[in-house]
Amino acid sequence: MKKIITLFISLLILSCSSSDDSSEVNNRINNNGNSNATFSIDLTSNRTAVVDEIISVDITGNENIMTLEASLDDFQTTIFNQTNSSSFGASSTLYFNFDELGNKTISIKAINNSGEEIIKTITVTILRGDAVKITSIEVVSFSNIHNTWDPEFLNTDVNRLADVFLLLRKPKVNIIDSSSFPLRDWFRSETKENQGDLIWDVSSHNLYINPNFSLRYSMADVDDGGMSQDIMLGPPFEREVTFVEHITTQPTTITLSIPNIDLEVVFTVEWN
Ligand SMILES: [Ca+2]
Ligand SMILES: [Ca+2]
């Protein structure tokens, strides 16, 4: 009897979830062209852009839009979700920029006043343009290099040396304000235990940047328990790396040098 009840409950759960799934699918089918759907939107944007260029996606509805959502992976994850109690009006614009080459699909979901939702997508091809590619990063020196950053070890023990990783942050356009570029984490390196060789080959990481943009560089020593210790003696906890002054000479290396904290970092770059 117990088995039968369990089976019955399982069947019930199965049938519930499958009907939910199919209604969701129907909903999306309705919203994507079935003549019963009344709410619709159109997306317009440039179909190509260069690395870091702002892409404006204009969203035009046939009625007021209450909620807007955006995704870059078909809504497996959502990068923007905003409900405007007084509605966005019938049209709105969202802003994007990318630094990976190739096709990027932007999905936009809009919900109207009565809860009808519609998803539309637009694909933009990202070209390199004048972007610089960072291919390698070498830390030549930092404060107290070759000495103790982990004082729990004797000063003859190699484990006293810093376990180093570096972090790059880069400006990215604010999705609702094309004049604002908050810094975002861009690349975090693997940790080189006890300094390692202090060279990171990043050529496979697609680190393209518009040379008019600048980076923020920071590095730290990883301690036990996931804590990390700033090895740039901050504040400031990060330093700016600029490219704009190198646009005409296009050197193959760009050096970040901050003598008062013994910091020297060499970025190997490719120009287009
Ligand atoms: Ca330490
Ligand atoms: Ca160590």
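Structure: see above.
Residues numbered from 1 in each chain as written. Chains lettered and ligands numbered in written order. Predicted model: local features only at pLDDT ≥ 70, side-chain atom pairs only at ≥ 80, totals over all residues. Heavy atoms only, no water.

A. Structural context of the coordination of the calcium ion (ligand 2). Taken together, the protein ligands of the calcium ion (ligand 2) are Asp150 (OD), Asn159 (O), Leu161 (O), Asp163 (OD), Asp163 (OD) and Asn194 (OD1), with distances of 2.3 to 2.9 Å. The sequence motif formed by the donor residues of the calcium ion (ligand 2) is D-x8-N-x1-L-x1-D-x30-N. Of this pair, Asp150 sits in the loop between strand E9 (132-141) and strand E10 (164-171) while Asn194 sits in the loop between strand E11 (183-188) and strand E12 (199-201), placing them 44 residues apart in sequence. Take Asp150 and Asn194: they sit in the same class, and that class is buried. (Donors = N, O, S within 2.8 Å, 3.2 Å for Na, K, Ca; no water. Helix = DSSP H or I, 4+ residues; strand = E, 2+ residues; numbered from the N terminus. Buried < 20%, exposed > 50% of the residue type's maximum accessible area, 1.4 Å probe, protein only.)

B. How the structure looks around the coordination of the calcium ion (ligand 1). At this site the calcium ion (ligand 1) is bound by Trp149 (O), Asp150 (OD), Asp221 (OD), Asp223 (OD), Asp223 (OD) and Gln229 (OE1), with donor distances of 2.2 to 2.9 Å. If you look at the calcium ion (ligand 1), its six donor atoms make angles of 48 to 162° with each other, and the shape they trace is irregular. In primary sequence terms, the donor set of the calcium ion (ligand 1) follows W-D-x70-D-x1-D-x5-Q. In this pair, Asp150 sits in the loop between E9 and E10 while Asp221 sits in strand E14 (residues 214-222), placing the two residues 71 residues apart along the sequence. A relative accessible area of 2% means that Asp150 is categorised as buried. With relative accessibility at 0%, the residue Asp221 sits in the buried group. (Tetrahedral: all angles 85-135°; square planar, octahedral: opposite > 155°, others 65-115°.)

This is a description of form; function is not addressed.
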